[in-house]
Amino acid sequence: MTGRVLVALASAAALASAGLARDTVQSVRENVPTSDVFSEEVERTAPPADDGADDYLVVGSDTRTDAQGNPLPERVLRQLRTEASDGLNTDTIILLRVPKDGSKGYAISIPRDTYVKIPGYQDDKINAAYGVIKYRTAQKLRGEGKTDRAEIERLSDTAGRSALTQVIHDLTGVRVDHYAEVNLYGFYLLTEAIGGVRVCLNHSTSDPNSGANFRKGVQKISGGSALAFVRQRDGLPRGDLDRIVRQQAFLGAVMQQLLSAGTLTDQAKLTALTDAAGKSVVVSPGLDILQLARHLGSMSSGAVEFVTIPVEAVGARNERGQSIITVDVPKVRDFVAKLVGRQAPPRFASRRPLLLNGAVPDRPALQQQQQQQQPATIDGVRCVD
């Protein structure tokens, strides 16, 4: 799934998997920062490790800093069609499950408005977990007398990533083995570096909130336009759920572009991709970029299928009046477990079968809407709303 998320990771992975010069691969490895996401608390509360798959938590954040925590200049923010902000949301969250027996893998999308319990805080949208714990940790560190901005940024970021990982553990019943994150700036740079991505829309669309302004049909987008494409949700029939469909289609197109000979044999593009990866990607220690490359390459061949977790209600309201997406945690856990042929523990078992597209059988209207959205293809490009 993701547009903004896996693009940066796929770029770095494509460099490694293409059999390119060893120094290029080593440069990617050395330039990509790491974050010790799996704290003692995360490990202590995590589900069992051996669940039949290697599980990657892949996150796209809207932070207005680069991978080293440096604030982006106003010029760059204008290119991103956004503004400076102290907040941080994770607008793209994907659990990439790769079975150890070589069978089909799944990239499981989790809507950003999914209402969950955040450890050490309260019930809130899942995209707030990282940002709110980062903010609270930074405040605590300053209260303890720490003044080094870089240290506060590093420690608070790690705390936020750890909190999000715990939320994923609780929601899915899956132990995350690896963590990878890409920011807004990196997404911009990477789509520029590969020369743009071809997308197709079923209808013309415009949304001032995201900056989206696209015509019907096939078109090539990059930079700020690509960001607008994967960020738009206002004006889409199913809001955040249709944004996920866009991200899934976008990522498939990105992988095709990255793995094409024209990208991987162009030294200027490779240099730009390497530089962008260093500015945009953060991974957990021990993540093997070559192994990730093989997994991401499987997306373009169909060996990894895009799915979305089952939801109960879209557009519900919490006690604070926020629009949220509600889920039944046992159903989500059951759904995720069955994707790799494992049964969920009895206390998490669902009473009804779940569909692989995340639809809930007792919501026929939602099912019918999803079934009617059979993807059209024009010139080899999947068309979406």
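Note: the structure precedes this text.
Here goes a summary of the coordinates provided. (Residues numbered from 1 in each chain as written. Predicted model: local features only at pLDDT ≥ 70, side-chain atom pairs only at ≥ 80, totals over all residues. Heavy atoms only, no water.)

### Section: the overall build of the chain
- In terms of helices and strands, the chain carries 14 helices and 16 strands.
- Relative to its 385 residues, the chain shows a buried fraction of 56%.
- Counting only contacts in the chain whose residues sit at least 6 apart along the sequence, the fraction spanning at least 24 positions is 71%.
- Total accessible area computed for the chain in this model is approximately 16,300 Å², and 47% of it derives from carbon and sulfur atoms. (Helix = DSSP H or I, 4+ residues; strand = E, 2+ residues; numbered from the N terminus. Buried < 20%, exposed > 50% of the residue type's maximum accessible area, 1.4 Å probe, protein only. Contact = heavy atoms within 4.5 Å. Areas by Shrake-Rupley, 256 points an atom, 1.4 Å probe, with all protein chains shown as cover.)

### Description of helix α6 (residues 149-172)
- Given a rise of 1.5 Å per residue, 24 residues ought to cover 34 Å, and the 34 Å separating the end C-alpha atoms of α6 matches this to within 8%.
- With 17 of its 24 residues buried, α6 lies for the most part within the structure.
- Positive phi shows up at Gly-173, right after α6, with a value of about 75 degrees. (Expected span 1.5 Å × (residues − 1).)

### What about the packing of α6 against helix α13 (residues 329-339)?
- Interaxial distance between α6 and α13 falls to 7 Å at its minimum, and their mutual angle equals 90 degrees. On the basis of their axis angle, the class for α6 and α13 is roughly perpendicular. Judged by residue contacts, His-169, Asp-170, Leu-171 and Thr-172 of α6 engage Val-329, Val-332, Arg-333 and Val-336 from α13. (Axes fitted to C-alpha atoms, helices over the stretch in contact; angles between N-to-C directions. Parallel < 35°, antiparallel > 145°, perpendicular 65-115°, else oblique.)

### Brief notes about the environment of Phe-229
- Position of Phe-229 among the secondary structure elements: in helix α8 (residues 223-231).
- A residue is classified by how much of its surface remains accessible, and Phe-229, at 1% relative accessible area, is buried.
- Between the C-alpha atom of Phe-229 and that of Thr-205, which follows or precedes it by 24 residues, the distance is 9.9 Å.
- Not counting the four nearest positions on each side in its chain, Phe-229 is found in contact with Val-199, Leu-201, Phe-214, Ile-221, Arg-246, Phe-250 and Val-384.

### Remarks on the environment of Asp-207
- Residue position: Asp-207 is located in strand β8 (residues 205-207).
- In sequence terms Asp-207 and Gln-232 are 25 residues apart; their C-alpha atoms lie 7.0 Å from each other.
- In contact with Asp-207, other than residues within four places in its own chain, are Ala-212, Gln-232, Arg-233 and Asp-234.

### Here we look at empty space enclosed by the protein
- Following the criterion strictly, the structure yields one cavity of 30 Å³ or more and no others.
- If you add up the space inside the largest cavity, you get close to 40 Å³.
- Of all the elements in the fold, those that place two or more residues in the lining of the largest cavity are β2 (90-99) and α9 (240-258).
- Looking at the lining of the largest cavity residue by residue, the classes come out as five nonpolar, two polar and four charged. (1 Å grid on protein atoms, 1.4 Å probe; cavity = no way out; pocket = protein on both sides within 12 Å on 5 of 7 lines; lining within 4 Å. Points joined across faces, edges and corners; volume = space filled by probe spheres on them. Nonpolar A, V, L, I, M, F, W, Y, C, P; charged D, E, K, R; others polar.)

### Regarding the packing of aromatic side chains
- By the definition in use, this model includes two aromatic pairs.
- On the basis of an interplanar angle of 80 degrees and a centroid distance of 5.7 Å, the ring pair of Phe-214 and Phe-229 is categorised as edge-to-face. Taken together, the residues span a long stretch of sequence, with Phe-214 in strand β9 (residues 212-214) and Phe-229 in helix α8 at a distance of 15 residues. Each member of the pair, Phe-214 as well as Phe-229, is classed as buried.
- Taken together, a centroid distance of 6.0 Å and an interplanar angle of 35 degrees make the contact between Phe-229 and Phe-250 tilted. Placement of Phe-229 in helix α8 and of Phe-250 in helix α9 is noted, with a sequence separation of 21 residues between them. (Phe/Tyr/Trp six-rings, centres within 6.5 Å; stacked < 30°, edge-to-face > 60°.)

### A short note on the pattern of salt bridges
- Under the criterion given, the structure shown has 17 salt bridges.
- Taking the shortest distance from any N to any O, the salt bridge between Arg-97 and Asp-55 comes out at 2.5 Å. Within this pair, whereas Arg-97 is found in strand β2, its partner Asp-55 is found in strand β1 (residues 53-61), the two being separated by 42 residues in sequence. By the burial criterion, Arg-97 is buried, and Asp-55 matches it.
- Each of Asp-51, Asp-55 and Arg-97 takes part in one network of salt bridges that share partners. (Salt bridge = Lys/Arg side-chain N within 4 Å of Asp/Glu carboxyl O.)

### A look at the packing of helix α5 (residues 129-143) against α6
- As a packed pair, α5 and α6 sit with axes 7 Å apart at the nearest point and diverge in direction by 140 degrees. One element, α5, and the other, α6, form an angle in the oblique class. With respect to the hand of their crossing, α5 and α6 are arranged in right-handed fashion. Contact residues: Ala-129, Tyr-130, Ile-133, Lys-134, Thr-137, Ala-138, Leu-141 and Arg-142 in α5; Ile-152, Glu-153, Leu-155, Ser-156, Asp-157, Ala-159, Gly-160, Arg-161, Ala-163, Leu-164 and Val-167 in α6.
- The residue inventory of the contact of α5 with α6, partitioned by class, reads 11 nonpolar, three polar and five charged. (Left-handed = near helix turned anticlockwise from the far one by under 90°.)

### Some thoughts on the nonpolar core
- Residues Leu-57, Ile-108, Ile-126, Ile-168 and Leu-171 are the most contacted members of the largest nonpolar core, which totals 35 residues.
- Listed by contribution, the elements that provide at least two residues to this core are β1, β2, β3 (105-109), α5, α6 and α13.
- Membership of the second largest hydrophobic core comes to 28 residues, among which are Ala-228, Ala-249, Leu-251 and Ala-253. (Core = buried A, V, L, I, M, F, W, Y, C linked by side-chain atoms within 4.5 Å.)

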